[in-house]
Amino acid sequence: MEDRLQQALAFANYKQTLNNQLHKSKIKAEGQLMFAEAGGKFTINQELICFFDYLTRSGLKEATVLDDNKSPILISNIEEFLKKITTRYFEVTNDYLQEAKLIKKSRDVKSILDIKASE
Amino acid sequence: MTRGVLMYAHNNSELDYFRIACANALMVKKNLGVPVTLVTDEGTAEYGKKVLGEDFVNQCFEHIILTKRNWSFDNKRTFGDTSYSAKTLQFYNCNHWEAYELSPYDETLFIDADYLIMSSALNNCWGSENEFMINHKIFTPGDAKDPYSKYIDEFGIRLYWATVIYFKKTDFSKFIFELVKHIQENYNYYRQLYSFSNSMFRNDNAFSIAIHTLNGFTDSNSNINQLPIPGLLMAWDTGDIHSVNGTNDITVYCEKDIKGTYMLARLRNQDIHIINKWALGRVADQLIELYK
């Protein structure tokens, strides 16, 4: 019984470390998805990308939009901005995926912490 | 438009903030690519130059600004080194309000020496529309909670963390720093007014009260925006640093809810506030070597 209890506690520790490490990767990705442009702050997500894709398709070259702080920001080159946020989005999500995969396949605390993530 | 980082370092009888500031200045240069100015006192600077070498110190900082130390300022703080060891020492932090005047930059990132810059996240601040930015959201390396806000008291106002402040030299920023000075000079009064029990002067409390005042004594944060990061990562002094694994890569011990039980967390490319100064002192030389 004591062995089984010890195993359960070790497993609990492993799960807690794993969840915590995944959480830190998530927060890091969220931070990297914050994007500064023309003095404004934008969180890159699917919604922002779709909105700017719509503006580009509508033929607009520049537009005033609200940033995360609801401040009006003039984006003077919509197409370029769309390109920048899309590139950043995939860079971050791909890194996050790689890191999460490595963490998830780790089978003990030591391997979770020894993982080699992409820089 | 000049941009740079401003840090303070005032040693006490045991903690070498100067060395920590040197390590962090190198980290700032590597990750943010901007110059660093240090505000310190004569004794601290002399000691730092003597033990680390003047050439090296000049390599770390663009400017070293000497301020006169107010020896009558008595501010004792318990510096923990995990839950098992603590020492009460002087905590000299009474001159942060001077940052506005002392900063040589048009845009300043005013950071605590123990907030290790391990990413370029704060570069998003430069050129911001906001004149002043400070965070109220924090999170910790040892639990999976999303960034959250704290309050200066159970029934008190929102707590802003003066660990990292971005400001431009504008009237609005000046008002805030002037208010912080006033609050510090009348700290006992404000301590009673805002009902916080700890008598130790904290810049976090002073900035929180200043922001509350400038918001017309409301807790809305309409005047103040947060920094472009999800929150400040806080490693409490109940934990320790396990190892420095490489550039922008550190493993920390975090104490769980039960005293004496720990979890490890590895942090890469994430800025982190190490509150255990003893732990930071133990790895400062290693960080210097790594980022030199």
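Our structure's up above, just so we're on the same page.
First, a word on scope: everything that follows refers to the structure included in this document. Since this is a predicted model, take the numbers as computed values, not measurements.

### With respect to the overall build of chain B
Tallying secondary structure elements over chain B gives eight helices and 16 strands in all. Relative to a compact globule of 292 residues, whose C-alpha radius of gyration would be 19 Å, chain B shows 18 Å and is just as compact. Looking at the 292 residues of chain B, the share that counts as buried comes to 61%. Across chain B, contacts joining residues at least 24 apart in sequence account for 74% of those joining residues at least 6 apart. Counting every atom, chain B has about 11,900 Å² of accessible surface; 47% of that belongs to carbon and sulfur. For chain B, the distance from the average position of its 28 positive side-chain charges to the average position of its 35 negative side-chain charges is 3 Å.

### Focus: the packing of aromatic side chains
Enumeration according to the criterion identifies 23 aromatic pairs over all chains in this entry. Centroid distance Phe42(A) to Phe81(A): 5.4 Å. Interplanar angle 65°. Geometry classified as edge-to-face. With a gap of 39 residues between them, Phe42(A) in strand β2 (residues 40–43) and Phe81(A) in helix α3 (residues 78–104) connect regions that are remote in the sequence. Pair check on accessibility: Phe42(A) and Phe81(A) agree, each one buried. Where Tyr8(B) meets Phe110(B), the ring centres are 5.4 Å apart and the plane angle is 50°; that geometry is what we call tilted.

### Focus: the sheet that holds strand β10 (residues 148–149) of chain B
Residue and element names in this part refer to chain B. Strand order in this open sheet of five strands is β7-β16-β12-β9-β10, and the pairing throughout is mixed. Each having just a single partner strand, β7 (115–116) and β10 make up the two edges of the open sheet. Judged from the two bridges that link them, strand β9 (residues 137–139) and strand β12 (residues 232–235) form a sheet pairing that is parallel. Across the sheet, residue Phe-139 finds its bridge partner in β12, namely Leu-233.

### Details of unusual backbone geometry
If you check the backbone angles, Ala38(A) has positive phi at about 50° while not being a glycine. Secondary-structure assignment places Ala38(A) in the loop between β1 (34–37) and β2. Since its relative accessible area comes to 46%, Ala38(A) is described here as partly exposed. If you check the backbone angles, Thr82(B) has positive phi at about 65° while not being a glycine. Its location among the elements puts Thr82(B) in the loop between β4 (76–80) and β5 (86–90). Exposure remark for Thr82(B): the relative accessible area of 18% places this residue in the buried category.

### Quick look at the sheet that holds strand β13 (residues 240–246) of chain B
Residues and elements named next belong to chain B. Across the sheet, which stays open at both edges, the three strands sit in the order β13-β14-β15 with antiparallel pairing between neighbours. In this open sheet, the two strands that pair with only one neighbour each are β13 and β15 (262–268). Taking each pair of neighbouring strands and ignoring which way they run, the sheet shows an average axis angle of 20°. Bridging between strand β14 (residues 249–255) and β15 involves seven bridges; their strand directions are antiparallel. Each residue of the ladder has a partner; that of Asp-249, found in β15, is Arg-268.

Definitions and cut-offs
Residues numbered from 1 in each chain as written. Chains lettered and ligands numbered in written order. Predicted model: local features only at pLDDT ≥ 70, side-chain atom pairs only at ≥ 80, totals over all residues. Heavy atoms only, no water. Helix = DSSP H or I, 4+ residues; strand = E, 2+ residues; numbered from the N terminus. Rg over C-alpha atoms; globule rule 2.2 N^0.38 Å. Buried < 20%, exposed > 50% of the residue type's maximum accessible area, 1.4 Å probe, protein only. Contact = heavy atoms within 4.5 Å. Areas by Shrake-Rupley, 256 points an atom, 1.4 Å probe, with all protein chains shown as cover. Lys, Arg positive; Asp, Glu negative; His and termini not counted. Charge placed at Lys NZ, Arg CZ, Asp CG, Glu CD. Phe/Tyr/Trp six-rings, centres within 6.5 Å; stacked < 30°, edge-to-face > 60°. Pairing = 2+ DSSP bridges. Axes fitted to C-alpha atoms, helices over the stretch in contact; angles between N-to-C directions.

Interpretation note: all reported values are geometric properties and have no functional meaning in isolation.
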